[in-house]
Structure formats: structure tokens, C-alpha cells
Amino acid sequence: MGSILQIQGLKVFYGVHEAVCGVDMDIQEGSITAIIGSNGAGKTTIIKAISGAVKHEGTILCRGVPLPPRENRVVRQGIVQVPEGRKIFAGLTVEENLRTGAYTVRGRREIDRLLQEQYEMFPRLRERRQQDAGTLSGGEQQMLAICRGLMAKPKILMLDEPSLGLAPVVVNDVFRNIRRIRDEGITVILVEQNAKKSLGICDYAYVIETGRVVMSGTGEEMLQNPEVAAAYLGSSRK
Amino acid sequence: MTLQLLISGISLGSVYALIAVGFAIVFSILRFSNFAHGGMISACAFIGYFFQASFETPPPFYVTVLFTAVCGVVMALFIDTIAYRRIRKKQAPTLYYFLASITIAILIEQILSVFFGKNLYGYPQIFESTTFYIGSIRFSSIDTLILVVSLVILTVLLFVINKTRIGLAIRAVAIDPATSRLMGINSDVVIITVFAIAGALAGISGVLLGTKYSVYPSLGASMMIKGFIASVIGGLGSLSGAIPAAILLGVVEIFLTYWLGSLATPIVLFGIMLVFLAIRPEGISGKFAKDKV
Ligand SMILES: Nc1ncnc2c1ncn2[C@@H]1O[C@H](COP(=O)(O)OP(=O)(O)O)[C@@H](O)[C@H]1O
Ligand SMILES: [Mg+2]
């Protein structure tokens, strides 16, 4: 498969505060890469930099080509972010939310096909497609946010804390679907505080602390690593 | 008589709706009340007047409407470029938009006053006081024309906003610009589109008001106040609230003028707006209630 995204020397500043201080990553095509770390470590900032939502130093290459510095152009490259906190458009219907996800997709028939795909995956969304998306439950909103991301036909889907604030049963559901998305051939970057679950499903993982990669390895290796266990596995069961 | 007043009120209200919607659409995206809208209405009323007057035989009305709408678009984009774009780039507080828009409004009005302040300009008299009857009800052809044009424009606009790709993008950016960009929406393009739509609406309402009243530099300012009242009553930034509110306002205004005269009427109208702001600041629709103003 090979590498699809290479990040070298990534730095992000908020004013004078350096939130990401020289991060290197190599994302393999068709894999799930987990980025774990505690609150404020810089995980969201890293994927915002990939999306072009924050200014950065260093290089981000997709198959050797630098990514454009603007969100809408990054999406057109097939790199799509599902933001932290779901951020569905309350006030738009479920179906309209899905259609915003397909903003860069051309052709009415193609968009209808994508819609059907999402509805088949989550019949609940079909039932509620004319309903204000703001009235969905937290779990349903997360499914909607993921489907909205899939509507863009991504090569790389970046999920920021998809399990945040969800009941354990729903969390299992979300993680099952993340694996299924990977199995369909989409590269997944999974940002999570739920280290145990994400290390369980990922192919490779990076551990971030105060803007730096402090450890990396396969999910298996990380799960067995005593340092990881001490720092993240004890307290991560929310 | 009552029915004639009602129709006249709906016709007036439909122009207020055009103004209120032009106002509301900018508010929904940028969260500021674009007072420059009134200046654009005045300027476009004059443009329409001189366009119409420059022909020996006046062109069909829709030609004047289209021409002025295009001028309105150009003017709106020009104003955005010189006054608003930098505020956006610097992500400065909304207050700066507000100040810039008032400055532009006054500037346009003053420029118009310097050149055309001494006279009233009446549109070439093609529509003047012609009336027709359906059954026993007398219709003014100006009122009817205004009503038809306004309703057509409003229908087209609502279709664009609710049924098209760019309309969906506009609604998404109004709700959450940062997340919209993650969907691949270019929010700068959406903002420019919104200014273009507002400009076209200003142009069209300028011509319609010019034919109904005569044209003078503060025409837009005084009419925009009505659009503003309507968009407050409808819920700032809400298109679905602004339209019924504007039509209601037009009807109330016509009836009040009939009963109380044209001097007392504005007092009552502003009284209504104050009451609304006090008891229901989110307007009729109640949508977009938070983080407005
Ligand atoms: N918009 C911002 N302005 C200033 N500082 C920010 C901003 N966003 C995040 N930060 C800071 O950057 C650091 C990393 O934040 P973030 O990437 O959100 O962490 P994580 O997603 O790992 O919880 C934190 O110290 C946070 O306070
Ligand atoms: Mg985060």
C-alpha cells in the first residue's frame, strides 16, 4: 500500500504559544492511525493543520505533493475532517447536513447514490432525514457527522474524538463503524482520548504530549507498553 | 375600501420584504446590520430613474429592473471591497462592520444630495395613477406591478436559498462558517454571493420605490428603516420571519395611515418595534435567536 501522508517538522503557533512543536508522522494508506494523548496535548491542532484550518510550519505531503493551505482545497484533495464535538448544522435537516458534506461532489445522481449509501449504513438517518439535525441524540449526531464526512468521498478521513460524550454501547458502535470504513479502503486518522479502544482497533499509533510525539508503534505494541498503560490506559475508561 | 387598502398594504409590504430580506441575508452571514443597504437603494432609485429617462420611449419596466439590479450587484461588491473585506481579513469585531456600513450609508446619501438634492425626481409617468377594475374593486397599476415583481423576486430568492447548492452553502455558513469550510465550502465566495444578492435586492427595491414615490437622496434611508423594523420583528437574520413580518408591516402601515394620518403612523410603528424588542427579541420565527445582535 505505502505511505499516503507524510508530516515533517510540523509546528503550529497560537500567538507565541507553540501548540505543536515539530511533529513527524507517516500515515499508511488503508490503515487506521490513532493519535492519542491527554486533553490539550495538541491532537486537534495537528489535524487542523492538515485540514489547512491553522497556519503551520513544516511540510505536509500527500503522496509527495504539498497540501494546499486552505480548507476547501484540502477537501477537494480527498482529505476530510470530522470535527471534534460533531459540529452538525442544527437548523438544517439530516439530509441537508449530508448534502453539505457532498459540496465538492458533482452530479445529482452521484450525490443521491452517496445518500443511499449512508442511509443503508444507518437506517436511523433515513427515518429522520427530514428532521432538524439538532434534535438527534448524541450518538445519532456522531453517525451523521461521520456520514457527512463520507459524503465527500474521502481518501483520508480524520475523526476528532468521535467517542466523546457517548454512552459505552454507542461508543462500541462508533468504533465498529470506523473499522468498517477502513475495510472499505479509506485511510483513517483517529484522534482519541479513549486510548484503550483506539489502540484496540488501530494499525499504528502516535502518542502526543505537549505538542510532541513521545511514542509510536503498532496498536499492539502500545497496548503492551508499560508507560502507555500507566499514563493512558488506567484513566481512559470514561 | 378595506380590500383596496389591504391590497395596497400587501404591495407596500412586499417591497419592505425585499428590503428586509436583503438586510437579513447579510445579517445571517456576517452578524451585522448593513445600513449601507439604504444608501444603495437611493443610489439605485436614481440609476433607474436616469436609465428610464434617457430613452425617448421608455424601455419595458423589466429592462429597467434588470439593469438596476445589475448596478446594485456591482455597487454591493464595490462597497464590500472597499469597506468590509479588510475588516473580515483582520477578523475585527462586528462593531467595525456596523460603523463602516453607517459611514457608507451617509456617504452615499450626501453624494446624492450634492448632485440631486434640490429637486424631486418622478419616474417617467408611464404608470401614473392608471387604475383598473376587477369586479367592483379598483386596483392601482403601480401597486399591482410592484406586488407582482416583488413576489416573483421573493419566490426566486427562496428557491435559490432552499433548493440549490449555493443556497445550502449560504445556510451552512450562516450557522457555522468554520465547519462549512471543512465541507469544502469556500466561505469567501459565499460572502461575496450574499453581498451580490443583497445588492440586486437593493437595486430592485430602489426602482420599485422610485416608481411609487418620487426619488430623493434619503429615500433609501427612510425605507430601509421599514425593512429594518420588519427584520427585527421577523427575527434578525431570519428570511422566513422577515417576509411575513414585512407584509404585515405594510398592511398595518397603510391602515394606520388611513385612520391616523401619515404623521402619527411612524410613531405607532416604532412603538410596535420597541414592544417586540422588549418582549420577543428573537422575533416571530425565534430562529437564530442566540448569538445575534
Ligand atoms: N484557538 C486557539 N487559540 C489559542 N490556543 C489554542 C487554541 N486552540 C488550542 N489552543 C491550545 O493549544 C494546545 C493544544 O490544543 P488542542 O490541539 O486542542 O489539544 P487536544 O486536541 O489534544 O486536546 C492547548 O494548550 C490549547 O490550549
Ligand atoms: Mg481536541
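Per chain, residues are indexed from 1 in the order of the written sequence. Key to labels: chains lettered from A, ligands numbered from 1, both in the order written. Given that the model is predicted, a residue must reach a pLDDT of at least 70 before its local features are reported, and side-chain atom pairs must reach 80 or more before they are shown or counted; all residues, however, enter totals for whole chains, interfaces and linings. Each side-chain value is worked out from all heavy atoms of the structure, with water and hydrogens disregarded.

**Q** Explain the overall build of chain A to me, please; I cannot follow it from the model alone.
**A** Along the backbone of chain A there are 10 helices and 10 strands. To get the radius of gyration, use the C-alpha atoms; to get the globule rule, take the number of residues to the power 0.38 and multiply by 2.2 Å. For 238 residues, the compact-globule estimate of 2.2 N^0.38 gives 18 Å, and chain A sits close to it at 17 Å. Seen through its C-alpha atoms, chain A measures out along the principal axes to roughly 45 × 40 × 40 Å. Accessible area is worked out with a 1.4 Å probe on protein chains only. A residue is then buried under 20% of its type maximum, exposed over 50%, and partly exposed in between. Among the 238 residues that make up chain A, the fraction classed as buried is 55%. In chain A, of all internal contacts separated by at least 6 residues, the share reaching a separation of at least 24 is 67%. Per element, the accessible surface of chain A, about 10500 Å² overall, is 49% carbon and sulfur. Neither His nor the chain termini are counted; the positive set is Lys and Arg, and the negative set is Asp and Glu. Every charge is mapped to an atom, namely NZ of Lys, CZ of Arg, CG of Asp or CD of Glu. Side-chain charges in chain A split into 31 positive and 27 negative, and the spacing between the mean points of these groups amounts to 5 Å. Each helix is a run of H or I in the DSSP string that is no shorter than four residues. Each strand is a run of E no shorter than two, and both are numbered from the N terminus. Note on definitions: a residue-residue contact is assigned when non-hydrogen atoms from the two residues lie within 4.5 Å. With residues, only the protein chains shown are counted as cover, and all accessible areas are computed by Shrake-Rupley using a 1.4 Å probe.

**Q** In this structure, what is going on with the coordination of the magnesium ion (ligand 2)? I would like to understand it.
**A** Around a metal, the ideal angle is 109.5 degrees if four donors adopt a tetrahedral arrangement and 90 or 180 degrees if six donors adopt an octahedral arrangement. Residue and element names in this part refer to chain A. Only N, O and S atoms count as donors, using a 2.8 Å limit from the metal and a wider 3.2 Å limit for Na, K and Ca, and since water is excluded some coordination spheres may look unfilled. With distances of 2.0 to 2.4 Å, the protein atoms coordinating the magnesium ion (ligand 2) are Thr44 (OG1) and Glu84 (OE). Of the two residues, Thr44 is situated in helix α1 (residues 43-51) and Glu84 in the loop between β6 (79-82) and α3 (94-101); the sequence distance between them amounts to 40 residues. Since its relative accessible area comes to 29%, Glu84 is described here as partly exposed.

**Q** How should the sheet that holds strand β1 (residues 3-14) of chain A be read in this particular structure?
**A** Working definition: the strands of a sheet are paired by backbone hydrogen bonds and lie parallel or antiparallel to each other. Residues and elements named next belong to chain A. A pair of strands is considered paired only if DSSP assigns at least 2 bridges between the two. Pairing is antiparallel in the open sheet, where 4 strands are placed in the order β2-β1-β4-β5. One side of each edge strand has no neighbouring strand; the edge strands of this open sheet are β2 (17-28) and β5 (65-66). In terms of strand pairing, β1 meets β2 through 9 bridges, oriented antiparallel. Paired with Lys11 across the two strands is Cys21, which belongs to β2.

**Q** Mind showing me how you'd approach the nonpolar core here?
**A** Nonpolar cores are built from buried Ala, Val, Leu, Ile, Met, Phe, Trp, Tyr and Cys residues. Side-chain atoms within 4.5 Å join them into one set. Ile29 and Tyr84 of chain B are the most contacted members of the largest nonpolar core, which totals 95 residues. Ranked by residue count, the leading element in this core is helix α1 (residues 2-30) of chain B, at 16 residues. Residues within four places of Tyr84 of chain B in sequence aside, it is in contact with Phe32, Asn34, Ala36, Ile79, Tyr97, Ala100, Ser101 and Phe195 of chain B. Counting residues in hydrophobic clusters, the runner-up holds 49 residues, among them Val105, Val171, Val174 and Ile201 of chain A.

**Q** Looking at this structure, I do not really get the site of ligand 1. What am I missing?
**A** All names here are of chain A. It suffices for a single heavy atom of a residue to lie within 4 Å of a molecule or strand for the residue to be listed as near it. What surrounds ligand 1 is the set Tyr14, His17, Ala19, Ser38, Asn39, Gly40, Ala41, Gly42, Lys43, Thr44 and Thr45. Between ligand 1 and the protein, one listed contact pairs an oxygen atom with a backbone N or O atom of Gly42 at 2.9 Å. Definition of a polar contact: a pair of N or O atoms within 3.5 Å, with one able to donate and the other able to accept a hydrogen when the atoms are protein atoms, and with sequence-neighbouring residues admitted only if both atoms are side-chain atoms. At a separation of 2.6 Å, an oxygen atom of ligand 1 approaches a polar side-chain atom of Thr44. Here ligand 1 loses 62% of its free accessible area of 560 Å² to cover by the protein chains.

**Q** What is the right way to read the pattern of salt bridges from this model?
**A** Residues and elements named next belong to chain A. Here, a salt bridge means any Lys or Arg side-chain nitrogen found within 4 Å of an Asp or Glu carboxyl oxygen. Applying the stated criterion to the full structure yields 21 salt bridges over all chains. With a shortest N-O distance of 3.3 Å, Arg180 and Glu184 are connected by a salt bridge. A cluster of three or more residues bridged by salt bridges with shared partners is formed by Glu95, Arg99, Asp112 and Arg129.

**Q** What exactly am I supposed to notice about unusual backbone geometry here?
**A** Note on backbone geometry: most residues besides glycine have negative phi, and most peptide bonds are trans. A positive phi is found at Lys87 of chain A, a non-glycine position, where the angle reads about 50 degrees. Along the chain, Lys87 of chain A falls in the loop between β6 and α3. Positive phi is not limited to glycine here, since Gln91 of chain B has a value of about 50 degrees. For Gln91 of chain B, the location among the structural elements is in the loop between α3 (61-89) and α4 (94-116).

**Q** I keep staring at the sheet that holds strand β7 (residues 156-160) of chain A and nothing clicks. Help me out?
**A** Residue and element names in this part refer to chain A. If you walk across this open sheet you meet the 6 strands as β6-β7-β8-β3-β9-β10, and the pairing is mixed. Of all the strands in the sheet, just β6 and β10 (212-217) have a single pairing partner and so form its edges. Put simply, the sheet's adjacent strands are angled 20 degrees from each other on average, direction ignored. For helices, the fitted axis covers only the stretch in contact; all axes are lines through C-alpha atoms, and the angles between them, taken along N-to-C directions, range from 0 to 180 degrees. Taken strand by strand, helix α6 (residues 138-150) contacts β6 and β7, and its axis lies near 170 degrees from that of β6. Together, β3 (32-36), β7 and β8 (187-192) form the strand contacts of helix α7 (residues 168-183), whose direction differs from that of β8 by roughly 155 degrees.

**Q** Explain the state of the cysteines to me, please; I cannot follow it from the model alone.
**A** Put plainly, a disulfide is one covalent bond tying together the sulfur atoms of two cysteines. Whenever a pair of cysteine sulfur atoms sits within 2.5 Å, that pair is classed as a disulfide. Under the criterion given, the structure shown has 0 disulfides over all chains. Here Cys71 of chain B stays free of any disulfide, with the sulfur of Cys44 of chain B as its closest cysteine sulfur at 6.7 Å.

**Q** What should I look at first to understand the confidence of the model for chain B in this one?
**A** Confidence scores labelled pLDDT are given residue by residue by the predictor and lie between 0 and 100. Looking at chain B as a whole, its pLDDT mean stands at 88, while 94% of the residues score no less than 70. For the stretch residues 288-293 of chain B, pLDDT sits under 50, and the model shows 13 contacts to residues farther than four places along the chain or on other chains.

**Q** I keep staring at the interface of chain B and chain A and nothing clicks. Help me out?
**A** Often, the extent of an interface is quoted as the loss of accessible area on bringing the components together. Taken together, the 17 residues of chain B in the interface contact 20 residues of chain A. Two parts placed together each lose some accessible area under a 1.4 Å probe, and adding up what both lose gives the buried area. Interface of chain B and chain A: buried area, both sides summed, is about 1900 Å²; carbon and sulfur atoms make up 61% of it. When the buried surface of chain B facing chain A is broken down by residue, Arg165, Leu182 and Met183 of chain B rank first, second and third, together holding 39% of it. One salt bridge connects Arg70 of chain A with Asp188 of chain B, and the closest N-O pair in it is separated by 3.4 Å. Our count for the chain B to chain A interface comes out at 5 residue pairs in polar contact (both at pLDDT 80 or more). Those elements giving two or more residues to the side of chain B that touches chain A turn out to be α6 (165-175) and α7 (177-182) of chain B. Broken down by element, the side of chain B that touches chain A gets its largest block of residues, 7 residues, from α6 of chain B. Put simply, Ala, Val, Leu, Ile, Met, Phe, Trp, Tyr, Cys and Pro go in the nonpolar bin, Asp, Glu, Lys and Arg in the charged bin, and everything else, Gly too, in the polar bin. Per-class residue counts for the side of chain B that touches chain A are 8 nonpolar, 4 polar and 5 charged.

**Q** When you look at the pairing of β3 of chain A in this model, what are you seeing that I'm missing?
**A** The side chains of a regular strand alternate between the sheet's two faces. Residue and element names in this part refer to chain A. For β3, the tally of buried residues reaches 5 of 5 residues, placing the bulk of the element in the interior. Residues Ile32, Ala34 and Ile36 line one face of β3 and the alternating positions Thr33 and Ile35 line the opposite face, and both faces are buried. Sheet analysis places β3 next to strand β9 (residues 204-209), joined by 4 bridges and oriented parallel. Bridged to Ala34 within β9 is Ala205.

**Q** Honestly, the packing of α1 of chain B against helix α9 (residues 219-234) of chain B in this entry has me stumped. Any pointers?
**A** In a packed pair of helices, the relevant descriptors are the angle between the two axes and the axis-to-axis distance. Residue and element names in this part refer to chain B. As a packed pair, α1 and α9 sit with axes 8 Å apart at the nearest point and diverge in direction by 70 degrees. Taken together, the axes of α1 and α9 are roughly perpendicular relative to one another. Between α1 and α9 the crossing geometry is right-handed. Here Tyr16, Ile19, Ala20 and Phe23 of α1 come into contact with α9, specifically with Met223, Met224, Lys226, Gly227, Phe228, Ala230 and Ser231. Here the contact of α1 with α9 is composed, by residue class, of 8 nonpolar, 2 polar and 1 charged. Here roughly perpendicular refers to angles of 65 to 115 degrees, roughly parallel to angles under 35, roughly antiparallel to angles over 145, and oblique to all remaining angles. Definitions for this section: a left-handed crossing has its near helix turned counterclockwise from the far helix by less than a right angle. A right-handed crossing has that turn clockwise.

**Q** Is there a simple way to think about the environment of Leu6 of chain B in this case?
**A** Residue and element names in this part refer to chain B. Mapped onto the elements of the fold, Leu6 is located in helix α1. Separated by 266 residues in the primary sequence, Leu6 and Ile272 place their C-alpha atoms 19 Å from one another. Excluding residues within four positions of it along the chain, Leu6 makes contact with Val251 and Phe255.

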